[in-house]
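# Results of the structural survey
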Amino acid sequence: MTPPPMPVRALKGVVLTVCCALVVVPFAGIVSTSLATREQIVRSGGFVIVPDEISFAAYRALFTGGVVPRAVAVSVLITLVGTALSLTTTTLLAYGLSRPGSLAHRPVLMLVVGALLFTPGIIPGYLTVSTLGLLDSYWSVILPAAVSAFNVVILRAFFMDIPAELVESARIDGAGDGQILTRIVLPLSKAVLSVIGLFYAVGYWNAFFTALLYLNDAAKWPIQLVLRTYVVNQQQLGVDQVGTAELPPQEALQMAILVVSIVPILLVYPFIQRHFTKGVLVGAVKG
Amino acid sequence: MSYPHASVSRRTLLSGAAALAGGALLAGCGGDERPNDNSAEANQAVPLPAYVPSTVVKPDLPGSANGLLDAFLAYPSPPVKQFTGPPMSGGTVSAFVLTGSPVPPPKGSNPFWQELDRQLGVDLQLTITPSAEMATKFSTLVTGDDLPDLIVPALFLPNGVPAGIGNLPQWMATKCTDLTPHLAGDAVKEYPNLAAIPTAAWRQCVYNGGIYGVPVPRGVAGTLMFRRDDLVETLGVNPNPASFAEFREFCRAVTDAKANRWAIVNAGGLMFLVQQMLGGPNGWRWDGGTLTHQVESEEFKAALSDTVAMFREGVVHPDSFATNAPVKRWFNAGEAVLIADRYTAWPQFYAENIAGPAFRISGMRPPKYDGGGWAATWQSSAGSINNFTVFKKAETGRIKDLLKLCDYLAAPFGTAEWLFRRYGQEGVHYTMRNGGPVYTQAGVSQTALGIRYIVDAPDTIFIPGLPDATRASYQYQKDVIDTSVPDPVVANGLFSDEWSRKQPVLGQIVLNGQNDIIAGRQPLSHLDEVIRNWRSQGGDQVRKEFTEQLQKLGGR
């Protein structure tokens, strides 16, 4: 195959560069603003592209209060426990639903599809969590989100696609369903599991709304909710914090906490990326 | 994605939540000992707490009964110690409060909170809610029915915007304490600091024919047009235009796009000022028979027409229609000479300025449109309060204890209690500089508990460490306060259920229409359609509810 002519390649290059810039510049701006000085931030209207002078004051302020490190720890905990739990339950449910003739197959499947179509409102959700006595417990953020019908459907489709001969031969060799799942099905499903795991992890990491509703004690708040109090309430800061000239500028603080909340989940992506295309395609053509 | 709540619009859910909560509230009203009557007559008849102004400290610049706030050039030194012991003796008090600040460290790692507990003599449990999420959190709180002792209802956010909860008075009648027996008339004198809260603030706590809360008072001065005096002086322009024509000239003269400088940060500020020049209604106009909303008035249309013309001339900052435009930064950076903001923003502008000691701001008074003196300014759309706090139903002894706690939390400016409550402990949370406290990093994060939204002392004008700025702020308020006009609906303490729910939506209709016209996406005639929408989507219903009450009040 001959390479396309020069102008086409140049054009592609330009388009790709612009696309990359659209993604990279806001990120760079966030990082730069978090490191900039008050004077530069005010001069540049609140958003710095390249800082003249690097200042870590905003990060120091964030990490001395004790609130942010704690919130990051809470988020990590919720994400790890939640993702593990979600993957386990989703796998078991999807495996059961992918075997023909499993117990209450149709009603359970209908239930899952129903959950896909109808989401509960705030108040019913709150009342359920409150009745179960989960208010102010980390479980209130994990359990309501533990099983996602969407992910169950994707995973079930993938499991059903595994050649029946493999399962049958295992059964002839004397393997039970537990062994078939752990020895045959799961090793073949690494791609889809990592994608679903990532979906869950991102969901738990970004959860602020359930935390807002169910966690009254601010000490238990995850990073995203703490982040929100930094970013959304901005117009009120002036009223509450009179005479704070010595402190890092508000924009730097906001951007710094944004960086803190983005980085951990960003670090996970490279490890899962190789599975990503394959895993996502499963959902695209099946289901 | 399938994560719960992530894909559903919050607003949709919210309206459902409010409706549900409302239904539940109404159902709970039957069988109450007293019928719930939130009529204007019942509320007008409520005996309000006696007003006994505090004599603890003498202000450097005195306030007035019309709403001019006391001003202080420096924090009294040494501060007066008002309480000899804690107001309560043990136990737990829970409160639902809002905050506009980053969330504070939890009690275990928050020495300020621990000391506050010691000072109050109680274990203070706070459910701190970011102000942007107040409405959502409040509706779940109401639904769950597991109420704390003290609750800031999401009726007023700090900017005076009702948050969209229906049937609030009915809910208060069933679940909250009528404080009238404890506070009406001379009864309030048992709590001297509550007695020092001005009557106008108490009036806004009246519902269902009773006093249902304690107020967080604020000055009625509201929003003003801040002007960069230092810049105007350098430019050699007359800072006080005497008519609309001169104001327009002023804006042209200070604008220099090449120098990255415009007259004003946004067109909304122009609308605000020009309507005042024209004598337009503040919110609503009641002429004794008919109630007209601002957007329906002739003045609004005229102001809009002028604003469109001025926007075309390029005197408005070109990026002002961007979401969350950093308008305060533009003002501080000198990219704009004028900005409309609340009087409480005064200290912030000084705190964040980068112009150095030359930085100087003051308030620009609107002249009458055709000249011949000053026009009347508008009072705050939230009246005399920021918000109020209701008490969960409890036995009398408990209520008295909670009122004692509130009495402590309302200790006036100049006391050691005020300084501690607001700034914490000297050396740890703040340092004194030039007569004013300056937060340390620990102070900023630890003191942001939101307790100032439970109850507060009367507001004062005090820009820490900058007596000249304090003088300027006081002088502006003194100049405008006597002629300033209130929103008749707020001043008469009226409640409309439709208004409390629909105000955000109706406000958005007006704002979108106004912006479309100013930005040139729609002609001025589009305003008629905006008004039609506003009326049909709730405006007429609100008018009906308010008009009935105003007529019964005798059409003041």
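Refer to the structure above for everything that follows.
My aim in this report is to walk through the structure given alongside it, one point at a time. What you see is a predicted model; the values in this text were computed from it and never measured. (Residues numbered from 1 in each chain as written. Chains lettered and ligands numbered in written order. Predicted model: local features only at pLDDT ≥ 70, side-chain atom pairs only at ≥ 80, totals over all residues. Heavy atoms only, no water.)

## A word on the nonpolar core
Test applied: Working definition of a nonpolar core: buried Ala, Val, Leu, Ile, Met, Phe, Trp, Tyr and Cys residues. They are joined through side-chain atoms within 4.5 Å. For the exposure calls, accessible area comes from a 1.4 Å probe over protein chains only, and a residue counts as buried if that area is under 20% of its type's maximum, exposed if over 50%, partly exposed in between. Secondary structure follows DSSP: runs of H or I at least 4 residues long count as helices, runs of E at least 2 residues long count as strands, and numbering of each begins at the N terminus. As annotated, the domain borders come from an automatic or database domain assignment. Contacts are assigned to residue pairs with any non-hydrogen atoms lying within 4.5 Å of each other.
Counting residues in each nonpolar core, the largest one holds 70 residues, and the members touching the most others are Leu62(A), Val68(A), Phe159(A), Ile223(A), Val226(A) and Ile257(A). Among the elements that line this core, the one with the most residues is helix α4 (residues 67–98) of chain A, at 9 residues. Counting only domains with at least three residues in this core, you end up with domain 1 (21–55) and domain 2 (67–286) of chain A. Apart from the residues lying within four places of it in its own chain, the contact partners of Ile257(A) are Leu62(A), Val68(A), Ile223(A), Val226(A), Leu227(A) and Tyr230(A). Counting residues in each nonpolar core, the second largest holds 66 residues, with Leu183(B), Ile385(B), Phe391(B) and Leu449(B) among its members.

## Digging into the state of the cysteines
Condition: Cysteine sulfurs are considered disulfide-paired once they come within 2.5 Å of each other.
For the structure on display, the rule yields 0 disulfides over all chains. Its sulfur unpaired, Cys20(A) is 7.0 Å from the next cysteine sulfur, which belongs to Cys19(A). Between Cys205(B), a cysteine without a disulfide, and Cys406(B), which holds the nearest cysteine sulfur, the sulfur-to-sulfur distance is 11 Å. Given a relative accessible area of 0%, Cys205(B) falls into the buried group.

## Details of the layout of surface pockets
All names here are of chain B. Cut-off, in case you're wondering: Points on a 1 Å grid, built from protein atoms alone, make a cavity when a 1.4 Å probe fits but cannot get out and make a pocket when they are open with protein on both sides within 12 Å along at least 5 of 7 lines; residues with an atom within 4 Å of a point are the lining residues. Grid points are joined across faces, edges and corners, and a volume is the space filled by probe spheres set on the points. Amino acids are sorted into nonpolar (Ala, Val, Leu, Ile, Met, Phe, Trp, Tyr, Cys and Pro), charged (Asp, Glu, Lys and Arg) and polar (every other residue, Gly among them).
What the second largest pocket holds in volume is close to 1100 Å³. Mapped by element, the contributors of at least two residues to the lining of the second largest pocket are α8 (199–203) and α19 (488–491). For the lining of the second largest pocket, the element with the most residues is α8, which contributes 4 residues. Residue composition of the lining of the second largest pocket, by class: 24 nonpolar, 15 polar and 7 charged.

## Brief notes about the sheet that holds strand β12 (residues 361–364) of chain B
All names here are of chain B. We apply this condition: Strand pairing follows a simple DSSP-based rule, namely that at least 2 bridges must link the two strands. Note on method: axes are straight lines fitted to C-alpha atoms, helices fitted across the in-contact stretch only, with angles between N-to-C directions ranging 0 to 180 degrees.
What the 4 strands build is an open sheet, ordered β8-β11-β7-β12; its pairing is mixed. Of all strands in the sheet, those bounded by a partner on one side alone are β8 (262–264) and β12. If you compare each strand with its neighbour and ignore which way they point, the axes differ by 30° on average. Both β8 and strand β11 (residues 336–342) contribute to a ladder of 2 bridges, which runs parallel. Along β11, the bridge assignment pairs Trp262 with Ala336. Most of the contacts of helix α11 (residues 267–277) go to strand β7 (residues 223–228), to which it runs at about 115°, and overall it touches β7, β8, β11 and β12.

## Quick notes on a nonpolar patch on the surface
Residue and element names in this part refer to chain A. Formally: Each patch is built from residues lacking any salt bridge and having more than 30% relative accessible area; the joining distance is 9 Å for like charges and 5 Å for nonpolar side chains (Val, Leu, Ile, Met, Phe, Trp, Tyr). Using a 1.4 Å probe, accessible areas were evaluated by the Shrake-Rupley method; residue-level cover was limited to the displayed protein chains. The working definition used for a salt bridge is a side-chain nitrogen of Lys or Arg within 4 Å of a carboxyl oxygen of Asp or Glu.
A cluster of nonpolar side chains, namely Val14, Val18, Leu22, Val23, Val24, Phe27, Leu266 and Tyr269, defines an oily patch on the protein surface of about 730 Å² accessible area. Sorting the residues of the nonpolar patch by element identifies α1 (6–35) and α15 (250–285) as the ones contributing at least two each. If you tally residues by element for the nonpolar patch, the top one is α1, at 6 residues. Within the secondary structure layout, Phe27 lies in helix α1.

## A short note on the side chain of Asp341(B)
Residue and element names in this part refer to chain B. Heads up, the rule is: Each polar contact in these results corresponds to two N or O atoms within 3.5 Å; when the atoms are within protein, one needs to be able to donate a hydrogen and the other to accept it, and residues that are neighboring in sequence are counted only if both atoms are side-chain atoms.
Here Asp341 is to be found in strand β11. A distance of 3.1 Å separates a polar atom in the side chain of Asp341 from a polar atom in the side chain of Lys328. Residue contacts for Asp341: discarding those within four places in its chain leaves Gly222, Thr223, Leu224, Phe226, Lys328 and Phe349.

## Describing the environment of Ala173(B)
All names here are of chain B. As for its position among the elements, Ala173 is in helix α5 (residues 168–175). Judged by relative accessible area, Ala173 falls into the buried class, the value being 7%. On a C-alpha basis, the gap between Ala173 and Trp286 in space is 29 Å, while along the polypeptide they are 113 residues apart.

## Description of the packing of aromatic side chains
Residue and element names in this part refer to chain B. Inclusion rule: Here is the rule: rings of Phe, Tyr and Trp (six-membered ring for Trp) pair when centre to centre is within 6.5 Å. Planes less than 30 degrees apart are stacked, more than 60 are edge-to-face, and the remainder are tilted.
Under the definition given, this model contains 31 aromatic pairs over all chains. Between Tyr350 and Phe359 the ring centres are 5.2 Å apart and the planes differ by 90°, which places this aromatic pair in the edge-to-face class. On the accessibility criterion, Tyr350 (14% relative accessible area) is buried. Accessibility expressed as a relative area gives 5% for Phe359, which makes it buried. Three or more aromatic residues joined by ring pairs form one cluster here, namely Phe72, Tyr75, Phe413, Trp418, Tyr423, Tyr430, Tyr439 and Phe462.

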